[in-house]
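Examining the three-dimensional arrangement
These are the residues of each chain, in order.
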Amino acid sequence: MIMPPRVRTFALTAHVTCSVGWIGAVLVFLALAIVGLTSEDAQVVRGAYVVMEPVAWSVLVPLAFASLMTGIIQGLGTTWGLFRHYWVLFKLLIAAFATLVLLIYMETFRIMARVAADPNADIAMVRNPSPRLHAVLALSVLLVATVLAIYKPRGLTPYGRRRQHEQRSIAGS
Amino acid sequence: MPRKGTIPSDIETHVADPFRDSDSGTENATPTWVKVFGAIFLAAVLLFLILMFARGPYRPGAHTSSGGSGSHMAIGSHPA
């Protein structure tokens, strides 16, 4: 079902807001990860890893799902479709993959927070380069998705070509 | 400048004409960028799966350059 222009604009605004917010949240996590790795203050290091889990649950995960859902709505509610254009398909795959990895990584956040909260744990044990690596990778794939959304490179999927052919046949008859 | 109440021209153009320039014969072939992206995406997914299943669950200190001090209890070994 194709959305009317006003609804479409609203949905696009929601999608852009959620997606940009997701990138911003990942940037904050990258900053937290760098603080955790480089700070000389043990309390700051512990605090950085402790705060990651609740912030991820309250910001990263909701934004990831919101971006994915609003993207699906955008695809289904416009003539772009979800599976007609390669750039839309890749964006969908990137968002779904990034969300899945994030959900799996939540367990790592939980364990890191427990280690950081343990006063007996050595600070070298608390420091962990994993969040920095994951934040850089997440930032990279989200930026790729953003570039795809802006440039919209050409290319129809076989399904998109079939649909286009059908539409032209209907229009010609 | 778009009229008041209208959708910005760039967005409107892209939304309204998704099949732009699709009459060219090149549309029937898979674009090069799709092949490159597809290969990179598949490689990334495979790498993720290999790492996930080969390394198993996360262990604290496993990522540190020293491999952890070894002087601390594993997380799962805390007394109940």
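Keep in mind that this is a model prediction, so the values were computed, not measured. (Residues numbered from 1 in each chain as written. Chains lettered and ligands numbered in written order. Predicted model: local features only at pLDDT ≥ 70, side-chain atom pairs only at ≥ 80, totals over all residues.)

**Remarks on the overall build of chain B**
Spelled out, the test is: The helix count covers DSSP runs of H or I at least four residues long, the strand count covers runs of E at least two residues long, and both are numbered beginning at the N terminus. Whether a residue is buried, exposed or partly exposed is read from the other C-beta atoms within 10 Å of its own C-beta, which are placed from the backbone; 20 or more gives buried, 12 or fewer gives exposed, and intermediate counts give partly exposed.
Looking only at helices and strands, chain B has two helices and zero strands in total. Across the 80 residues in chain B, those meeting the buried criterion constitute 4%.

**Overview of helix H1 (residues 5–38) of chain A**
As a reminder, the rule being used: What a helix is expected to span follows from its residue count: subtract one and scale by 1.5 Å.
Along its 34 residues, H1 of chain A runs 49 Å from first to last C-alpha, staying within 8% of the 50 Å computed at 1.5 Å per residue. Taken as a whole, H1 of chain A has its buried residues at Arg8, His15, Ser19, Trp22, Ala25, Val26, Phe29, Ala33 and Gly36 of chain A.

**What to know about the nonpolar core**
Residue and element names in this part refer to chain A. Short version of the rule: For the purposes of this analysis, a nonpolar core is taken to be any set of buried Ala, Val, Leu, Ile, Met, Phe, Trp, Tyr and Cys residues that are connected through C-beta atoms within 7 Å. We call two residues in contact when their backbone-placed C-beta atoms lie within 7 Å.
Judged by nonpolar contacts, the single largest core of 36 residues is most densely connected at Val26, Met52, Ala64, Phe90, Ala98 and Val126. Listing elements by their share of this core, those giving two or more residues are H1, helix H2 (42–77), helix H3 (86–117), helix H4 (123–126) and helix H5 (130–151). Of the residues forming this core, the biggest block, 13 residues, is contributed by H3. Residues within four places of valine 26 in sequence aside, it is in contact with Ala135, Ala138, Leu139 and Leu142.

**So, the confidence of the model for chain B**
All names here are of chain B. Heads up, the rule is: A score from 0 to 100, pLDDT tells how confident the predictor is in each residue.
When pLDDT is averaged across chain B, the result is 61; 35% of the residues are at 70 or more. Below pLDDT 50 for its whole length, residues 1–16 participates in nine contacts with residues either more than four positions away or in separate chains. In this model, residues 21–25 is a region of pLDDT below 50 whose contacts with residues beyond four sequence positions or in other chains number four contacts. The complex prediction reports pTM at 0.79, with the ipTM value standing at 0.79.

**Here's the deal with H3 of chain A**
Quick reminder of the rule: Note on bend: at a given residue it equals the angle between the axes fitted to the 7 residues ending there and to the 7 starting there.
Over its 32 residues, H3 of chain A runs 45 Å from end to end, which matches the ideal 46 Å to within 8%, given 1.5 Å per residue. At isoleucine 104 of chain A, H3 of chain A shows its strongest bend, of approximately 30°.

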